[in-house]
Amino acid sequence: MSVPDPVQASAQAVRSRRARAEVKQAIASGDRAPLEVCETAWGDASSPEASLLTTELLGSLRGFGPLRTEQALEELGISRRRRLRGLGVHQRDRLRHWLRDRPGTDRPNLVVLAGPTAVGKGTVAQFIRDRYPQIKHAVSATTRSIRPGEVDGVHYRFVSDAEFDRMVDDGEFLEWATVHNAFRYGTPKSSVDEQLSRGNSVLLEIDLQGARSVREAMPEALTIFLAPPSWDELVRRLVGRGTESEEERARRLRTAEVELASQHEFDHVVVNHDVAEAAHRVVELLHGGVS
Ligand code: 5GP
């Protein structure tokens, strides 16, 4: 039988305390949703999340001092020394609902970002992806072919026409549309549902038709229209990127006119003067107007 090594045991204790401190810090800074931390803990009993005390989780929430933490524990019927992995099924359920329903910033939300061609939707979405890892992105399926630098399964799932037809027939899409008269794009329901149920917010960067379909299917979704500072600026951005032919540009600008006229349908309009500023505003709106 091996004798426990006290030096090793204390080094292990220091490591796990540090890992727990990192999780608490990530919750406090808003980098991780507390509900997602719980789901991680319950999915893997040996994770640092699993060894977090429920008191520590609650105490990391914005505005939660010792008194509010104590009150919440009492309301949830959870004792002070209980670690997340030690919670029973009913306690887990109560904590899940409590985190989901409490007022403030924690309600997982579906955010739709739409806007005309060349307005910078993709760049703003990429900025959010890089800076706000707590906001997840659904990977769309598309029938267009892969471009240099794109990765299948990361930027899109690149599928054949037949596979797209099958996905439509099997009801796998939350929405889908033919974009720019060319290829089909669709948001798989499963990727959105999985993230929302883990407590994460999801951002969809889709076209106007897609935004309308999502609003019908999920009226609680937050819709944001990304607008250019002016019409001239939109034309300048489209010409500047130089990826479309003259004819294609003219067609996209006609579509853009129609799309710009639809901005009143959205919950919010964000003007894209500056990518970082616009991205920050989108995240602020997602958190109910404050970040
Ligand atoms: P691109 O081919 O340049 O990546 O995207 C072209 C257009 O397709 C963009 O306007 C983008 O917002 C839109 N798009 C990308 N994914 C989806 C999707 O899943 N559904 C819909 N409706 N549009 C999408």
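Residues numbered from 1 in each chain as written. Predicted model: local features only at pLDDT ≥ 70, side-chain atom pairs only at ≥ 80, totals over all residues. Heavy atoms only, no water.

Asks: I keep staring at the site of the ligand and nothing clicks. Help me out?
Replies: The environment of the ligand is formed by 15 residues, the closest being S140, R144, Y156, E175 and Y185. At 2.5 Å, a side-chain N or O of Y156 approaches an oxygen atom of the ligand. Protein coverage of the free-state accessible area of the ligand, which is 510 Å², stands at 87%. Of all the secondary structure elements, the ones that give two or more residues to the shell around the ligand are strand 5 (173-179) and strand 6 (183-188). Across the shell around the ligand, the residue classes break down as five nonpolar, four polar and six charged. (Near = heavy atom within 4 Å. Polar contact = N/O pair within 3.5 Å; in protein donor to acceptor, adjacent residues only side chain to side chain. Areas by Shrake-Rupley, 256 points an atom, 1.4 Å probe, with all protein chains shown as cover. Helix = DSSP H or I, 4+ residues; strand = E, 2+ residues; numbered from the N terminus. Nonpolar A, V, L, I, M, F, W, Y, C, P; charged D, E, K, R; others polar.)

Asks: Is there a simple way to explain the nonpolar core in this structure?
Replies: As a rule of thumb, soluble globular proteins bury nonpolar side chains together. If you look at the biggest cluster of nonpolar residues, it comprises 41 residues, and the most contacted ones within it are L110, I128, L203, L204, V214 and I224. Within the residue set of this core, elements represented by two or more residues are strand 1 (110-114), helix 6 (121-131), helix 8 (189-197), strand 7 (201-205), helix 9 (208-217), strand 8 (222-227), helix 11 (246-260) and helix 12 (275-286). For this core, the leading source of residues is helix 12, giving six residues. Among residues more than four places away in sequence, those in contact with I128 are P133, I135, H137, L203, A279, V282 and V283. L35, L52, A72 and L99 belong to the second-largest nonpolar core, a separate cluster that totals 22 residues. (Core = buried A, V, L, I, M, F, W, Y, C linked by side-chain atoms within 4.5 Å. Buried < 20%, exposed > 50% of the residue type's maximum accessible area, 1.4 Å probe, protein only. Contact = heavy atoms within 4.5 Å.)

Asks: I keep staring at the sheet that holds strand 8 and nothing clicks. Help me out?
Replies: What links the strands of a sheet is backbone hydrogen bonding, and the strands pair in either a parallel or an antiparallel sense. If you walk across this open sheet you meet the five strands as 2-7-1-8-9, and the pairing is parallel. A strand with exactly one partner marks an edge of an open sheet, and here the two such strands are strand 2 (135-137) and strand 9 (268-271). Recorded for the sheet is a direction-independent mean angle of 30 degrees between the axes of neighbouring strands. Its contacts with the sheet place helix 9 against strand 1, strand 7 and strand 8, and it is angled at close to 155 degrees to strand 1. (Pairing = 2+ DSSP bridges. Axes fitted to C-alpha atoms, helices over the stretch in contact; angles between N-to-C directions.)

Asks: Can you walk me through helix 1 (residues 6-28) in this structure?
Replies: One turn of an α-helix holds 3.6 residues; hence residues three or four places apart share an orientation. In a regular helix each residue adds 1.5 Å, so 23 residues correspond to 33 Å; helix 1 covers 33 Å between its end C-alpha atoms and thus fits that length. Inspection of helix 1 places R20, V23, A26 and I27 among the buried residues, and these make up the whole buried set. Just past helix 1, the residue G30 takes up positive phi, approximately 85 degrees. (Expected span 1.5 Å × (residues − 1).)

Asks: Looking at this structure, I do not really get the side chain of Q91. What am I missing?
Replies: In this structure, Q91 sits in helix 5 (residues 89-101). In contact with Q91, other than residues within four places in its own chain, are G77, I78 and G86.

Asks: Honestly, the packing of helix 10 (residues 231-241) against helix 11 in this entry has me stumped. Any pointers?
Replies: Packed helices, taken two at a time, are described by the angle their axes make and the gap between the axes. In contact at an axis separation of 11 Å, helix 10 and helix 11 are set at 145 degrees when each is read in the N-to-C sense. In the packing of helix 10 onto helix 11, the handedness of the crossing is right-handed. Here W231, L234, V235, L238, V239 and R241 of helix 10 lie close against helix 11, whose contacting residues are R249, R252, L253, A256, E257 and L260. Grouping the amino acids of the contact of helix 10 with helix 11 by side-chain chemistry returns eight nonpolar, no polar and four charged. (Left-handed = near helix turned anticlockwise from the far one by under 90°.)

So far we have only geometry, and geometry alone does not tell us how the molecule works.
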